[in-house]
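Summary of the model geometry
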Amino acid sequence: MEFTHKTLANGLVLIGEINPPSKSAAVGYFVRTGARDEAPQINGVSHFLEHMLFKGNDRLSAFEVNEAFDSRGAQFNAFTSEEQTVFYAAVLPEYLIEITELWAELMRPALRDDDFDIEKNVIKEEIAMYQDTPMFDVMDRCRSLHFGTHPCGSSVLGSVESIDALTAEQMRGYFARRYVPNNMIVACTGTFDWDRFCATVEAISGRWQTAPVDRPLAHFDGTKAKTRAEKANLKREHICLMHTGVSAQDPRRFAASLLSMIVGDDYGSRFYWDLVDKALAEEASMHFSPMDGTGMFYSYLRCGTPNVGKVLGIVEGIFQDLAANGIREEELVKARNKVLSTLVLKNELPMGRLVDLGFNWMYSGEYRSIEQDVEAVKAVHAADVNRLIREIDLGSCTRYSLGPATAA
Amino acid sequence: MPNGMVLLGEPMAGVESVAFDFMLPMGAARMPTGCCGASNVLSEWMFRGAGARDSRQLGDALDGLGVQRSTSIGSSHVYLGGALESSNLSEALAVYSDVILNPRLTAEQFDMARQLIVEELKSLDDEPRQRVTLELRKRFYPDPLGRSTMGELEDLDRLTARRGREIAKNHLNVPEVVFSVAGKYDFEAICRQLEGVFGPHAGKRSRRRKTASQKAGYTHVPHDGAQVHIGLMTGTARFVDEDYYSARMAVSVLSGSMSSRLFTEVREKRGLCYAIGAKYHSLKEAAGILCYAGTTPDKAQETLDVILAEFGRLAEGISDEEMARAKIGLKASVILQSESSASRAGAIGGDYYMLGRVRPLEEIKGRIEATSVDSVLGFLRSHPFQDYTVVTIGPREVRVG
């Protein structure tokens, strides 16, 4: 694999990792904008805007955009998080240049009023869909409880009220402020010709105007608040926990990902043996979520209402034990092997590689090869994880429970 | 292998990973009547101690090898899969062989395995989108083919450890096991290893079960959620049929991607849904097109009406552009998927079970290329969409037809 990069005069960064044995290529525009960059009165605009980019520009209608991707067999989509909006496509190598050109064009969308009005319905349907997905619902609520007034507590989707109130004019203003070349990167992985790729991007994106853009970065430990809400249609208890974490720039992030594997991997973790193996909870997992300047761990637990007290007691016991006694060496060895397998499997596909490549650059402005990540994981000792446990105060967390009205 | 067990492998260049699947002939449709969910309990129970290892030691062994475990229950098979960095493959296969051939199946672990499956099944009440698909298959496929792959509560309540062991003995029939591997591996070494442990196990091929006939119809399940979750299914050519590729192309025109008809008509033009799509679903014995849409109650009727109109309109005509997009879309997705070892291991095992052979990528691409507007329309006109099985879960019913 060969890494290469280039910065255009307007600040747009192009990065590429060339891997000739691949049968495909993946390309993506990464925009450093998301829910945390929204004022409360326009909450949901980043995600709505992501949808609107598919509605075309002055030259292409929405249908023509979809047709252009589909006629080249591209597997394309986009996602919005609290801090990023990413547009991507996986394609056969022969179509890479045309698809790159198409994405570049779409980064300057028409944002037409009639498209905006129809898409508003789709966004509200998406909000309704997630309301019927309690795991997502409880995590969204817990995030806002955990982050309190910190911008990372903003909901990505927004609410029906904020979406109803949003105007196309407000969206255009937000677009003009955030989709500036110095706030974006474009990345490519797999089999492709770097020089042609650069020329294609530059011909279109090179014309975009630079503008000042910022994002306040402040670490936040979380409110450690606890609450429960009821929903009449639920039959199970859905519980989300959030712990203080470390940021995507922090060297301790490798120890943090091993810690989440030890506590809450699907199999073989402390959650697994104490809760799932014993059939007290059918779902118990923990993930590390590094972010820009801050970070957190989130856990999701699901169980029957009679088990809630027992499950929460066991979970608290696990965290108290870790805070007091730390992890065991053999736990680290297993977690390390699992993290390494995950890395190797994810990197089979140019599409899997694209996101890691883009995020590393977005967060740290650096390229990291798979080998460097493997070495960083191997270099973590039990003492590093245990120091992290003390530093982040693993004994306390924010908790949001969502369950049926009849629960104790 | 001489005893009938099949070993399949497909090497991949430039990867450090390997993925494998054991297909065990104990899927939901093969379970005895009144034991729906036994497949799930068994596949959970088998990992709770095998050979010299108890449950904890077995889990630790797989974790120590960095194995990403995947277990899934299908209509015909239970799939025990693993994916890992290739240097630990042989040790991982030794553990899986033990799980299949020497599970301890203790009474104590049975209780927890069954309880876990019961809890998972109960949680389906909070997942209307997942539930609608299971309810749909149950009603669309002739029994026992469509039986719930998550089990039925009353059957699980009655299941005992003794009955479970009996089922395991009757269904873990080695000659019918299919093993597939893709990625970086040494096939000779795998064959030596697996023949050593599975070779001595003989058995007989089981008879195919008779299936009952199924009637199309509409079922509504009340659920006080935010959306009405609409599922509909209608019959089409099976994977093993000559018309298979025409059926796949028809589904692609309908719902292969964002320029296809359902997405365009339901979401883009009318804003009725966020999630809307149809996919092809085939068992060996029967196949259907499975369509899902989730929408708020006020739009549910219009959504269903538009979907049914699009199904109906398909046989009236397909443009050359639509056909070209469907072809390149399907070809590209076949090639892109071929880069994932787990996806390839699953695909070659599935091919073998369905066809008795593995289709090379070139053959798939050629067959896709050989379809035409005329062949797809000809197929649709000789097999018109007539009967729809419809299930809705949500706060409001719809009218069908």
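Residue and element names in this part refer to chain A. The biggest cluster of nonpolar side chains holds 236 residues, and the ones touching the most others in it are A89, W103, C240 and L258. The greatest single-element share of this core, amounting to 8 residues, is contributed by helix α9 (residues 253–264). Beyond its immediate chain neighbours, meaning those up to four positions away, W103 contacts V27, Y29, F87 and A89.

So, about unusual backbone geometry. Geometrically, the link from D143 of chain B to P144 of chain B is a cis peptide bond, its omega value of 10° lying close to zero. Note on placement: P144 of chain B falls in the loop between α5 (128–140) and α6 (153–158). In this structure, D393 of chain A takes a positive phi of about 55° despite not being glycine. The topology assignment puts D393 of chain A in the loop between α15 (382–392) and β11 (398–403).

With that out of the way, let us pick up the sheet that holds strand β1 (residues 2–7) of chain A. All names here are of chain A. Strands sit in the order β1-β2-β6-β3-β5-β4 across an open sheet of 6 strands; the sheet is mixed. Taken across any chain shown, the strands that pair with only one partner, and hence form the sheet edges, are β1 and β4 (75–80). Between one strand axis and the next, the sheet turns through 15° on average, direction left out of account. One ladder, built from 6 bridges, connects β1 with strand β2 (residues 13–18); its direction is antiparallel. Residue pairing in the sheet places E2 in a bridge with I18 of β2. The strands touched by helix α8 (residues 194–205) within the sheet are β1, β2 and β6 (184–190), with β2 carrying the most contacts at an inclination of about 155°.

All names here are of chain A. When its domains are assigned, chain A resolves into domain 1 (2–205) and domain 2 (226–403). On a C-alpha basis, the centroid separation for the pair domain 1 and domain 2 is 27 Å. Each side of the interface is counted separately: domain 1 has 33 residues, and domain 2 has 24 residues. When residues of the side of domain 1 that touches domain 2 are assigned to their parent elements, the largest contribution, 9 residues, is made by helix α5 (residues 134–147). Tallied by class, residues from the side of domain 1 that touches domain 2 come to 18 nonpolar, 9 polar and 6 charged.

The next point concerns the sheet that holds strand β8 (residues 276–282) of chain B. Residue and element names in this part refer to chain B. With mixed pairing, the 5 strands of this open sheet are ordered in space as β6-β10-β7-β9-β8. Among the strands making up the open sheet, the edge pair consists of β6 (218–222) and β8. Between one strand axis and the next, the sheet turns by 15° as a mean value, whatever way the strands run. As judged from the 5 bridges shared by β6 and strand β10 (residues 389–394), these two strands associate in the parallel manner. By the bridge assignment for β10, P222 is matched with G394. Along the sheet face, helix α10 (residues 261–268) touches β8 and β9 (287–295) and points at about 150° away from the line of β8. Against the sheet, helix α11 (residues 300–313) makes contact with β7 (228–235) and β9, and its axis sits at roughly 20° relative to β7, the strand it touches most.

Contacts between chain A and chain B engage 52 residues on the former and 58 residues on the latter. Sorting the residues of the side of chain A that touches chain B by element identifies α2 (62–70), α4 (113–131) and α12 (329–346) of chain A as the ones contributing at least two each. Residues that form the side of chain A that touches chain B fall into these classes: 21 nonpolar, 14 polar and 17 charged.

Take the domain arrangement of chain B next. A common measure of how large an interface is: the accessible area buried when the components associate. Residue and element names in this part refer to chain B. For chain B, the assigned domains are domain 1 (6–198) and domain 2 (218–394). For domain 1 and domain 2, the distance between their C-alpha centres works out to 28 Å. Listed as interface residues are 32 residues of domain 1 and, on the opposing side, 29 residues of domain 2. Secondary-structure elements contributing two or more residues to the side of domain 1 that touches domain 2 are β1 (6–11), β2 (17–24), β4 (78–85), α5 and β5 (178–183). Looking at the side of domain 1 that touches domain 2 element by element, the count peaks at 9 residues for α5. Counted by class, the side of domain 1 that touches domain 2 contains 19 nonpolar, 7 polar and 6 charged residues.

Rules used throughout
- Residues numbered from 1 in each chain as written.
- Chains lettered and ligands numbered in written order.
- Predicted model: local features only at pLDDT ≥ 70, side-chain atom pairs only at ≥ 80, totals over all residues.
- Core = buried A, V, L, I, M, F, W, Y, C linked by C-beta atoms within 7 Å.
- Buried ≥ 20, exposed ≤ 12 C-beta atoms within 10 Å, placed from the backbone.
- Helix = DSSP H or I, 4+ residues; strand = E, 2+ residues; numbered from the N terminus.
- Contact = placed C-beta atoms within 7 Å.
- Pairing = 2+ DSSP bridges.
- Axes fitted to C-alpha atoms, helices over the stretch in contact; angles between N-to-C directions.
- Domains from an automatic or database assignment.
- Nonpolar A, V, L, I, M, F, W, Y, C, P; charged D, E, K, R; others polar.

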